[in-house]
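Summary of the model geometry
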Amino acid sequence: VGLALCQRLLEEDGRIHLCIACRNEQKSEATRDLILATHPAAQVSTVEMDLGNLASVLRAARELRCRFQRLDFVYLNAGIMPNPHVNFKALWHGLLTGKVLHMLTTAEGIMTQTDRLNGDGLQEVFATNLFGHFMLVRQLQSLLCGNEKPSRLIWTSSSNARESAFSLSDYQHAKGQESYSSSKYATDLTSVVLNRKFNGQGLYSSVVCPGLVMTNMTYGILPIFLWKLLMPIMWLIRFFAKTYTLTPYNGAEAHVWLFKQKPEYLDSLVKYHSCTSGLGRCYVEPRKMDVDEDTAEKFYQKLLELEEQTLEKYHDLLD
């Protein structure tokens, strides 16, 4: 989705300067080459950053502060779903009870993951999908706030973000098996609070859902031969499930739509979903998020406490 987004943004405005963040130099250069193959005159730079490694995030943020005076858009798109498992028994029950379409569009009740600790002692999914992004935003605050024009944060969330998978007492989701859903609900909570605290300084935050997109993450859920059997069925399902965007180009629709909007007129409690009709027409559907603002504020305070611990540990990487 990130690569498709870059290509689509350049189709909207070829004058923009893109800075792409990837986990290693080889991936960065390969992605840059793919972008330049279709937009040879584009300004594309790279920065090495692993969102699951806090030292890497701090080093990248320091480099970005040296290279840029402001940032107009930050797309927070990195995400992992390690060791996904499909509960076929639950899927069969959904088929019998008429809930299967809802389950197939949200993965509710049928998708679990096995998480683990990363090198920083944090749950890997929480660190990569949410906290690494949060640390990046906090470290880039000087480039995002107080500019002549508003700056934008656009988070990639999911229709799989559910309050039932999230707990303030276990916000890293160490005890559950729905770490992906928990991290995406945490993303929604974080965006809500960022708007409350930073809109007055010209920083606006939005969340999007790319829909069901066939990427390496998706292909890891089932064996490849099963996907080959299922793909014709999935194209048919799209006539009934508009969030089956399937291609990265379609999945980036909401990201690109937000690029063209005035943030002052957007609803901070809405998630913008990329949708595709059965005949392939792309469009954006706003849906109210199921978030409790008091919970969001309490969670934000926990993130600040974790940030303080992190900065004490990595004080040598600060300016």
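Labelled according to an unreviewed UniProt entry, the protein chain appears under the name 3-keto-steroid reductase/17-beta-hydroxysteroid dehydrogenase 7, originating from Sterrhoptilus dennistouni. Annotation of the protein chain in UniProt includes, under Subcellular location (unreviewed entry), the sentence "Endoplasmic reticulum membrane". Regarding the protein chain, the relevant UniProt record gives this comment under Subunit (unreviewed entry): "Binds to the short form of prolactin receptor."

Before going further, it helps to spend a moment on the pairing of strand β7 (residues 203-209). Of all seven residues making up β7, seven are buried, and the element is well covered by its neighbours. Covered by surrounding structure in β7 are Leu203, Ser205, Val207 and Cys209 together with Tyr204, Ser206 and Val208, the residues of both alternating faces. Strand direction decides the pairing type here: strand β6 (residues 151-156) and β7, joined by six bridges, are parallel. The partner of Ser151 across the bridge, within β7, is Leu203.

All right, on to the UniProt feature "transmembrane region" (unreviewed entry) in the protein chain then. UniProt records the feature "transmembrane region" (unreviewed entry) at residues 217-237, using the numbering of this structure. Across residues 217-237, helical content stands at 81% and strand content at 0%; the span's end C-alpha atoms are separated by 20 Å.

It is worth spelling out the nonpolar core at this point. With 51 residues, the main nonpolar core has Phe131, Leu153 and Phe299 as its most contacted residues. Looking at this core, the elements with two or more residues in it are α3 (54-67), β3 (73-76), α6 (124-139), α7 (141-144), β6, α8 (179-198), β7 and α13 (293-313). Tallying contributions element by element places α6 first for this core, with eight residues. In this structure Phe131 touches Leu54, Leu122, Phe126, Leu303, Leu306, Glu307 and Thr310, once residues within four positions along its chain are discounted. Among the nonpolar cores identified, the runner-up in size contains 23 residues, and Leu9, Leu10, Tyr75 and Val208 belong to it.

In this model α3 runs 20 Å from its N-terminal to its C-terminal C-alpha over 14 residues, within 8% of the 20 Å that 1.5 Å per residue would give. Residues of α3 that are buried: Leu54, Ala55, Ser56, Val57, Leu58, Ala60, Ala61, Leu64 and Arg65. The secondary structure elements touched by the buried residues of α3 are β1 (17-22), β2 (43-48), α6, α7 and α13. Where α3 starts, the residue carrying a side-chain oxygen 3.1 Å from the main-chain nitrogen of Ala55 turns out to be Asn53.

Applying the stated criterion across every chain, the model contains zero disulfides. As a non-bridged cysteine, Cys6 has Cys22 as the owner of its nearest cysteine sulfur, 8.4 Å distant. Unpaired in this structure, Cys282 has its nearest cysteine sulfur neighbour in Cys275, at a distance of 9.5 Å. Among the residues examined, Cys282 registers a relative accessible area of 21% and is labelled partly exposed.

One can find Ser183 in helix α8. A polar side-chain atom of Ser183 sits 3.1 Å from a polar atom in the side chain of Asn129. Only 2.8 Å separates the side chain of Ser183 from the backbone oxygen of Tyr180, close enough to count as a polar contact. In this view, Ser183 contacts Val125, Asn129 and Leu130; residues no more than four positions away in its chain are not counted.

This next bit is on the sheet that holds β3. Pairing is mixed in the open sheet, where five strands are placed in the order β3-β6-β7-β8-β9. The outermost strands of the open sheet, each flanked by one partner alone, are β3 and β9 (282-288). Adjacent strand axes in the sheet meet at a mean angle of 25 degrees, parallel and antiparallel pairs treated alike. Together, β3 and β6 form the strand contacts of α6, whose direction differs from that of β6 by roughly 175 degrees. Sitting on the sheet, α8 touches β6, β7 and β8 (270-276), and the angle it makes with β7 is about 160 degrees.

By the definition in use, this model includes 17 salt bridges. Note that Glu253 and Arg8 form a salt bridge whose closest N and O atoms lie 2.8 Å from each other. A residue pair is termed long-range when its members are at least 10 positions apart, and Glu253 in helix α12 (residues 253-259) and Arg8 in helix α1 (residues 2-12) qualify at 245 residues. Like Arg8, Glu253 is buried. The salt bridge partner of Asp294 is Lys298, with a shortest N-O separation of 3.3 Å. Highlighted residues: Asp294 and Lys298, both in helix α13, separated by four residues, approximately one helical turn. On the accessibility criterion, Lys298 (46% relative accessible area) is partly exposed. Members of the salt-bridge network, linked through shared partners, are Arg196, Lys197, Glu293 and Glu297.

What counts, and where the lines are drawn
- Residues numbered from 1 in each chain as written.
- Predicted model: local features only at pLDDT ≥ 70, side-chain atom pairs only at ≥ 80, totals over all residues.
- Heavy atoms only, no water.
- UniProt positions renumbered as here; feature names shortened; annotations may be inferred.
- Buried < 20%, exposed > 50% of the residue type's maximum accessible area, 1.4 Å probe, protein only.
- Helix = DSSP H or I, 4+ residues; strand = E, 2+ residues; numbered from the N terminus.
- Pairing = 2+ DSSP bridges.
- Core = buried A, V, L, I, M, F, W, Y, C linked by side-chain atoms within 4.5 Å.
- Contact = heavy atoms within 4.5 Å.
- Expected span 1.5 Å × (residues − 1).
- Polar contact = N/O pair within 3.5 Å; in protein donor to acceptor, adjacent residues only side chain to side chain.
- Disulfide = S-S within 2.5 Å.
- Axes fitted to C-alpha atoms, helices over the stretch in contact; angles between N-to-C directions.
- Salt bridge = Lys/Arg side-chain N within 4 Å of Asp/Glu carboxyl O.

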